[in-house]
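Architecture and fold: a report
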Amino acid sequence: MTHSTAQPLYTFELPAASHWSLKIKRGLELTLTDITGGANLGMMFYNPENLLERYNAPDTLKCQHTFKLTRGNCLYSDMGRIFCSITADNFGWHETVCGNSRKQHIEKTWGSLSYQDAQNDWRQNGFDAFLVELTKYGLNERDMGANLNLFSKVVADESGNLSLDASAAKPGASLTLRFEMDTLVVMHSCPHPLNQAASYPRTPVLCELFEAAPVADDDFCKNFRPENGRGFENNRLYHLGIGA
Amino acid sequence: MIRESDMLLSEAQESTVVPAGDYLLKKIKRGQTVRITDLEGNQAADTLFYNANNTAERYSAMDTIREQGNVYLSAGTLLRSNFGNPLLEITADTCGRHDTLGGACATESNTVRYDLNKRCMHACRDSWMLAIGEHESVGISKRDITHNINFFMNVPVTAEGGLTFEDGISAPGKYVEMVAHMDVYMLVSNCPQLNNPCNGYNPTPVEITLW
């Protein structure tokens, strides 16, 4: 762990099938923990100063030559900057290409259930969950790019066929995002769109905010690839007030 | 999957050569067929599609690959929108595989990928910005510039979760052909990338043919 303090500044248990958004300041770390195993956390990032700057999955993947996300990887905006770095991860493989479940996926896999019958056990879908949060900032589905699906291991075979490796899910899986610039974080805890579990998965996620230790010259994420060093340099310029 | 077209060039309605580094914004009506030809080989045509009647609806890489359960695009692929609807269908393909994970080059991402001093080199997202700036009436803004198709690009995913950039699939004259399932705008940036070995550091023209 790279936290500078042992005690979290704030702790929140995001309930299953729920959505949340918050602005996280540069220099804070967000530790996310899959409490029960089998969680999926959808997540997107925006620059609160310019909402047109947002997480870009292709730039993130291609500049680090990776399909999976894990410790050492940085999560890039479409402006060549780093929203946050993955400073700790005991899960090892998070995906960012499968998007969200929609109402139709949920009904097809687990049937329909009215809110009146389900109440707080309703079967929310990822797309609608994001849309609700985005609308709070004047954004809508036009602003939705590829999201992260944390705690979901999606593998591709030689022919490119995708599958969700459900065996990877385990209680206590945890990763930490260290924020390298002020970031609007939008998230949901709805099932992964490729999840074919027998019943609608209800998996809460523990969110803990810490003060991060300063980024040292030998920082693991910064030195993970030469590209990340250049990404950090773009952030440095931004914080000097030189970046766009 | 390799599938030859049965369309005849002699019956095409129009054909446009898009030089390297240029863009093409074209309306394609429902039922029309469009072919992109890699004239000299190993070129990338970075392409976005929009519902011509509601540009909030546009090509979605995530919806396309998730619904087909495969990361590569080829003959038989339904190109889906962010609303989950089929925009176009790939009906012929002599290349065999096209990428939709790698996104488009941008001046900003060039600084990260290649060198901090590459900031001012021409890039695909600049071509798109120029296109939408020059055609405001189409109603596309930067909000709508999301993840595209890289026709003729080969970006394999490895079993270990790596992403590699390889060449060798496309060649002069290879083409991909699509039929439109609704009226769409096609926005192509014919990639100007000068830093990438997969095009031999030599961007070349593509041809867009309509039936």
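Up top is the structure these notes are about.
None of the values given here were measured: they were computed from a predicted structure.

Here is what the cut-offs are and how they apply
- Residues numbered from 1 in each chain as written.
- Chains lettered and ligands numbered in written order.
- Predicted model: local features only at pLDDT ≥ 70, side-chain atom pairs only at ≥ 80, totals over all residues.
- Heavy atoms only, no water.
- Salt bridge = Lys/Arg side-chain N within 4 Å of Asp/Glu carboxyl O.
- Helix = DSSP H or I, 4+ residues; strand = E, 2+ residues; numbered from the N terminus.
- Buried < 20%, exposed > 50% of the residue type's maximum accessible area, 1.4 Å probe, protein only.
- Core = buried A, V, L, I, M, F, W, Y, C linked by side-chain atoms within 4.5 Å.
- Contact = heavy atoms within 4.5 Å.

**Some thoughts on the pattern of salt bridges**
Oppositely charged side chains may form a pair once their charged atoms are brought near each other. Here the structure, examined in full by the defined rule, presents 21 salt bridges over all chains. One salt bridge in this structure joins K153 of chain A and D165 of chain A, with 3.7 Å as the shortest N-O distance. Of this pair, K153 of chain A sits in the loop between strand 8 (148-150) and strand 9 (154-156) while D165 of chain A is found in the loop between strand 10 (162-164) and strand 11 (173-179), placing the two residues 12 residues apart along the sequence. K153 of chain A gets classed as partly exposed once you look at its relative accessible area, which sits at 23%. A salt bridge links E67 of chain B to R66 of chain B; its shortest N-O distance comes to 3.0 Å. When its relative accessible area of 38% is taken as the criterion, E67 of chain B is described as partly exposed. Look at the salt bridges and you will find they share partners, linking R102 of chain A together with D63, R66 and E67 of chain B into a network.

**Quick notes on the nonpolar core**
Among soluble globular proteins, nonpolar side chains are generally buried collectively. If you look at the biggest cluster of nonpolar residues, it comprises 71 residues, and the most contacted ones within it are L32, M43, F45, F151, L177 and M187 of chain A. Apart from the residues lying within four places of it in its own chain, the contact partners of L177 of chain A are L28, E29, L30, L32, M43, F45, L75, C84, S85 and I86 of chain A. With 28 residues, the next largest nonpolar core counts F152, M186, V188 and L210 of chain B among its residues.

**A closer look at the environment of F12 of chain A**
All names here are of chain A. Relative to the elements of secondary structure, F12 occurs in strand 1 (residues 10-14). Accessibility expressed as a relative area gives 25% for F12, which makes it partly exposed. Measuring from C-alpha to C-alpha, the distance between F12 and L32 comes to 9.9 Å, with 20 residues separating the pair along the chain. Setting aside residues no more than four positions away along its own chain, F12 makes contact with W20, V205, L206 and C207.

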